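# Tertiary structure, described
What follows is the residue order along each chain.
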Amino acid sequence: QVQLVESGGGLVQAGGSLRLSCAASGIPFSISTMGWYRQVPGQERELVARMPGIGSPTYADSVTGRFTISRDNPKNMVYLQMNSLKPEDTAVYYCNTVRARPGVGTLYDVWGQGTQVTVSS
């Protein structure tokens, strides 16, 4: 069973930092692309950062230079270090991976339960 569990959200003042963590299970983690998304009520979920098993990470323009995605393959963990936080970073943050249905090959998203990040001005 695939499971993603986020932690580390909270309330922080503008300019502060938070580190989100995501524990993954049930997947071949070291070769899986892992991502962080965020969603504000009434808006679509948007990609924040994504990191393949091998290769370089990619970031949304809005977080480039402030956020860093990293992973610890032996621990099946992915992290999002968020620095210089702004009120507009306030959202629910979700950990994500994409899986293929066995025998069919169609892809589907797997999401964690989300963790709230609130940045006060």
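Everything below is about the structure shown above.
What comes next concerns the included structure. Just so it is clear, the model here is predicted, and its values are computed rather than measured.

### Some points on the sheet that holds strand β7 (residues 67-72)
- Pairing is antiparallel across the open sheet formed by four strands, whose spatial order is β1-β3-β8-β7. Since the sheet does not close on itself, it has two edges, and those belong to β1 (3-7) and β7, each with one partner. Going across the sheet, the axis of each strand differs from the next one's by a mean of 15°, ignoring polarity.
- Two elements, strand β3 (residues 18-25) and strand β8 (residues 77-82), share six bridges in a ladder whose sense is antiparallel.

### Overview of the environment of S17
- In this fold, S17 is placed in the loop between β2 (10-13) and β3.
- Residue S17 is classed as partly exposed on the basis of its relative accessible area of 39%.
- Each C-alpha atom of the pair S17 and N83 lies 4.4 Å from the other, and the pair is 66 residues apart in sequence.
- Once you skip the residues sitting within four places of it in the chain, S17 turns out to touch V12, Q81, M82, N83, S84 and L85.

Calculation criteria
Residues numbered from 1 in each chain as written. Predicted model: local features only at pLDDT ≥ 70, side-chain atom pairs only at ≥ 80, totals over all residues. Heavy atoms only, no water. Pairing = 2+ DSSP bridges. Helix = DSSP H or I, 4+ residues; strand = E, 2+ residues; numbered from the N terminus. Axes fitted to C-alpha atoms, helices over the stretch in contact; angles between N-to-C directions. Buried < 20%, exposed > 50% of the residue type's maximum accessible area, 1.4 Å probe, protein only. Contact = heavy atoms within 4.5 Å.

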